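Here is what each chain is made of, one letter per residue.
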Amino acid sequence: RSDAIIIASYNKADKTLKLVSLMRDMYVPIPGYSDNRLNAAYSFGGIQLLDKTIEKDFRVPIDGTVEVNFEGFTKLVDLLKGLDVKLSKAEAGHLNKKFGWKLTEGQNHLNGQQALEYARIRHIGNGDFERTDRQRILLTNMYDSISRLNMTKKYQILSKILPYLTTDMSKQEILGYACAVLTGGIQSTESYRIPAEGGYKIAKIRDMAVLVPNLAKARALLKACIC
């Protein structure tokens, strides 16, 4: 199942990058199957069915998709020589207790494995809701890390990254998008989560703990976020 689902949108006019997490436990219609958690779409029909499900349920077209597994994610972070991440006392304590690390409250430089485990924390704070916040923080930090490189090194690192990704886009398309973002720059980054507060109810359906979204509110929010 897809562990994290994030829609990224870049506005060339105002140079804004918008990241929208779709909660994996949302209980939604899946084309050709019974209603289920959103992340089940990937296990039923891969990225094609997940895209189709997002487009049908949330009324937003998906222009291209990139996926990476856990091993690939750790290697991507290590290619960037780690990421600077600010940890809360609870986050550092949780990771230290689980893995025997010596992270501290405040700024830490995380290697690939540490960044992956940070992205997967869900048993402190507000559970899976805060977990999606961490994932968007990591993506933003990845961009910041690459953006500090000169253009030659940017393309070198992108070429090294591509083998770890599975995508329905061509190498030329990916480099084209990357060129637009890296040369145009990002003036601001906006981060959202669907469903938002007040846009869902918690339920237990077929022995599954799920979030039942108000799809009308979710569609309106997503349209406002990425348009």
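Definitions and limits used
Residues numbered from 1 in each chain as written. Predicted model: local features only at pLDDT ≥ 70, side-chain atom pairs only at ≥ 80, totals over all residues. Heavy atoms only, no water. Helix = DSSP H or I, 4+ residues; strand = E, 2+ residues; numbered from the N terminus. Rg over C-alpha atoms; globule rule 2.2 N^0.38 Å. Buried < 20%, exposed > 50% of the residue type's maximum accessible area, 1.4 Å probe, protein only. Contact = heavy atoms within 4.5 Å. Areas by Shrake-Rupley, 256 points an atom, 1.4 Å probe, with all protein chains shown as cover. Lys, Arg positive; Asp, Glu negative; His and termini not counted. Charge placed at Lys NZ, Arg CZ, Asp CG, Glu CD. Pairing = 2+ DSSP bridges. Axes fitted to C-alpha atoms, helices over the stretch in contact; angles between N-to-C directions. Core = buried A, V, L, I, M, F, W, Y, C linked by side-chain atoms within 4.5 Å. 1 Å grid on protein atoms, 1.4 Å probe; cavity = no way out; pocket = protein on both sides within 12 Å on 5 of 7 lines; lining within 4 Å. Points joined across faces, edges and corners; volume = space filled by probe spheres on them. Parallel < 35°, antiparallel > 145°, perpendicular 65-115°, else oblique. Left-handed = near helix turned anticlockwise from the far one by under 90°. Nonpolar A, V, L, I, M, F, W, Y, C, P; charged D, E, K, R; others polar. Salt bridge = Lys/Arg side-chain N within 4 Å of Asp/Glu carboxyl O.

**Student:** Looking at this structure, I do not really get the overall build of the protein. What am I missing?
**Tutor:** The secondary structure content of the protein amounts to eight helices and eleven strands. For 227 residues, the compact-globule formula gives about 17 Å, and the C-alpha radius of gyration of the protein, at 18 Å, lands near that figure. Principal axes of the C-alpha set define a box for the protein whose edges measure 50 × 45 × 30 Å. Residue burial in the protein is summarised as follows: out of 227 residues, 47% are buried. Nonlocal contacts in the protein, meaning residues at least 24 apart in sequence, comprise 61% of its contacts between residues at least 6 apart. Counting every atom, the protein has about 12000 Å² of accessible surface; 51% of that belongs to carbon and sulfur. Of note, the protein has its 33 positive side-chain charges centred 1 Å away from the centre of its 24 negative side-chain charges.

**Student:** Would you take a moment to explain the sheet that holds strand β9 (residues 188–194) for this structure?
**Tutor:** Note on sheets: strands pair through backbone hydrogen bonds, and any given pair is parallel or antiparallel. Strand order in the open sheet formed by three strands is β1-β2-β9, with mixed pairing between adjacent strands. In this open sheet, the two edge strands, each paired with only one partner strand, are β1 (6–11) and β9. Geometrically, the sheet is characterised by an average inter-axis angle of 15 degrees between neighbouring strands, direction not taken into account. Inspection of the sheet shows β1 paired to strand β2 (residues 16–22) by six bridges, in the antiparallel sense. The residue bridging Ser9 from the neighbouring strand is Lys18, located in β2. Against the sheet, helix α8 (residues 215–226) touches β1, β2 and β9, its axis set at about 160 degrees to β2.

**Student:** Would you take a moment to explain the pairing of strand β10 (residues 200–205) for this structure?
**Tutor:** Two faces make up the sheet, and in a regular strand the side chains alternate between them. Summarising burial for β10: zero of the six residues are buried, a small minority. In the sheet, β10 pairs with strand β11 (residues 208–213) via six bridges, with the strands oriented antiparallel. Its bridge partner lying in β11, Lys204 is registered against Ala209.

**Student:** I keep staring at the nonpolar core and nothing clicks. Help me out?
**Tutor:** When a protein is soluble and globular, its nonpolar side chains tend to lie buried together. Of all hydrophobic cores here, the largest spans 30 residues; its most connected members are Phe73, Leu83, Val85, Tyr118 and Leu138. Residues within four places of Tyr118 in sequence aside, it is in contact with Val85, Lys86, Leu87, Glu91, Leu95, Leu110, Arg134, Ile137 and Leu138. By size, the runner-up hydrophobic cluster in this structure holds 26 residues, among which are Ile5, Ile47, Ile62 and Ile194.

**Student:** Which parts of the structure should I look at to understand the environment of Arg24?
**Tutor:** With respect to the element layout, Arg24 can be found in the loop between β2 and β3 (27–30). Judged by relative accessible area, Arg24 falls into the buried class, the value being 11%. Spatially, the C-alpha atoms of Arg24 and Lys97 are 26 Å apart, while their sequence positions differ by 73 residues. Once residues within four sequence positions are removed from consideration, Arg24 is found in contact with Ser2, Asp3, Arg37, Leu38, Asn39, Arg122, Asp128 and Arg131.

**Student:** Sorry, what's going on with empty space enclosed by the protein here?
**Tutor:** To find leftover empty space, one rolls a probe the size of a water molecule over the atoms. Following the criterion strictly, the structure yields one cavity of 30 Å³ or more and no others. Taken as a whole, the largest cavity spans an internal volume of roughly 50 Å³. Lining the largest cavity are Asp3, Ala4, Ile5, Ile6, Ser21, Leu22, Met23, Arg24, Asp128, Arg131, Thr132 and Gln135. Listing elements by their share of the lining of the largest cavity, those giving two or more residues are β2 and α5 (127–147).

**Student:** Before we go on, may I ask you to explain the packing of helix α2 (residues 70–79) against helix α4 (residues 112–120) in this structure?
**Tutor:** Helix-helix packing is characterised by the crossing angle of the two axes and by the distance between the axes. Between α2 and α4, the shortest axis-to-axis distance is 7 Å and the interhelical angle comes to 125 degrees. Between α2 and α4, the angle falls in the class oblique. For the pair α2 and α4, the sense of crossing is right-handed. Two secondary-structure elements touch here, α2 through Phe70, Phe73, Thr74, Val77 and Asp78 and α4 through Gly112, Gln113, Ala115, Leu116 and Arg120. A breakdown of the residues in the contact of α2 with α4 according to their chemical character gives five nonpolar, three polar and two charged.

**Student:** Honestly, the pattern of salt bridges in this entry has me stumped. Any pointers?
**Tutor:** A side chain with one charge can pair with a side chain of the opposite charge if their charged atoms come near. Here the structure, examined in full by the defined rule, presents 13 salt bridges. Arg120 is the salt-bridge partner of Asp3, the closest N and O atoms lying 3.7 Å from each other. Linking Asp3 in the segment before β1 with Arg120 in helix α4, this pair joins segments that are 117 residues apart in sequence. Among the ionic pairs, Asp25 bridges to Arg37, the shortest N-O distance being 3.4 Å.

By themselves, these observations are geometric and do not establish any function.
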